[in-house]
Amino acid sequence: MTRAVLKGVVFGSKDFFTLIQNAGLGPITQARASGGGMKGGLWQQALASVWEAGLLTVNTAEGAALLVAVRA
């Protein structure tokens, strides 16, 4: 059951990637992720395989704040 929920979340996030690509922003070849789920290999493997992109984990608990800082 847990694995089914995980895959549902992962495939739902794939829709977000497709929307970005269809908006003309080009292919996504790399993504960054942070948080407790990224410490285990199960989430990392599921996301990378469904997104078909390299997945880098960010060693911070404040991933959203880091994104804002990087974009600034």
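Residues numbered from 1 in each chain as written. Predicted model: local features only at pLDDT ≥ 70, side-chain atom pairs only at ≥ 80, totals over all residues. Heavy atoms only, no water.

Quick look at the packing of aromatic side chains
Then, number 1: Enumeration over the complete set of coordinates arrives at one aromatic pair.
Then, number 2: Ring geometry for F17 against W51: centres 4.4 Å apart, planes inclined by 20 degrees, an arrangement best described as stacked. Of this pair, F17 sits in helix 1 (residues 2-25) while W51 sits in helix 2 (residues 41-51), and the two are 34 residues apart along the sequence.
Then, number 3: On the basis of relative accessibility, which here comes to 8%, the residue F17 falls in the buried class.
Then, number 4: Residue W51 is classed as buried on the basis of its relative accessible area of 11%. (Phe/Tyr/Trp six-rings, centres within 6.5 Å; stacked < 30°, edge-to-face > 60°. Helix = DSSP H or I, 4+ residues; strand = E, 2+ residues; numbered from the N terminus. Buried < 20%, exposed > 50% of the residue type's maximum accessible area, 1.4 Å probe, protein only.)

Some details on the nonpolar core
Then, number 1: By size, the foremost hydrophobic cluster in this structure holds 13 residues, and its most contacted members are V10, F17, A31, M38, L47, W51 and L55.
Then, number 2: For this core, the elements supplying multiple residues, two or more each, are helix 1, strand 1 (30-33) and helix 2.
Then, number 3: Looking at this core element by element, the count peaks at four residues for helix 2.
Then, number 4: Other than its neighbours up to four places away in sequence, W51 contacts V10, S13, K14, F17 and A31. (Core = buried A, V, L, I, M, F, W, Y, C linked by side-chain atoms within 4.5 Å. Contact = heavy atoms within 4.5 Å.)

Observations regarding the packing of helix 1 against helix 2
Then, number 1: Where helix 1 contacts helix 2, the two axes come as close as 9 Å, and the packing angle between them is 40 degrees. Considered as vectors, helix 1 and helix 2 are oriented oblique to each other. Handedness of the helix 1/helix 2 crossing: right-handed. For the pair helix 1 and helix 2, the contacting residues are R3, L6, V9, V10, F11, S13, K14 and F17 in the first and L42, W43, A46, L47, V50 and W51 in the second. (Axes fitted to C-alpha atoms, helices over the stretch in contact; angles between N-to-C directions. Parallel < 35°, antiparallel > 145°, perpendicular 65-115°, else oblique. Left-handed = near helix turned anticlockwise from the far one by under 90°.)

Concerning helix 1
Then, number 1: Taking 1.5 Å of rise per residue, the 24 residues of helix 1 would be expected to cover 34 Å, and the 33 Å separating its terminal C-alpha atoms lies within 8% of that figure.
Then, number 2: Buried within helix 1 we find L6, V10, S13 and F17.
Then, number 3: Structurally, helix 1 contributes buried residues whose contacts are with strand 1 and helix 2.
Then, number 4: Note on helix 1: the residue one or two positions beyond its end, G26, has a positive phi of about 85 degrees. (Expected span 1.5 Å × (residues − 1).)

Observations concerning the pairing of strand 1
For a regular strand, the rule is simple: side chains alternate between the two faces of the sheet.
Then, number 1: What you see with strand 1 is a clean split: A31 and A33 sit on the buried side and Q30 and R32 on the side with no burial.
Then, number 2: Sheet topology places strand 1 next to strand 2 (residues 54-57); four bridges connect them, and they run parallel. Opposite A31, over in strand 2, you have L55 as the bridge partner.
Then, number 3: On the question of chirality, the crossover connecting strand 1 to the parallel strand 2 by way of helix 2 is right-handed. (Pairing = 2+ DSSP bridges. Right-handed = clockwise from strand over helix to strand, strands pointing away.)

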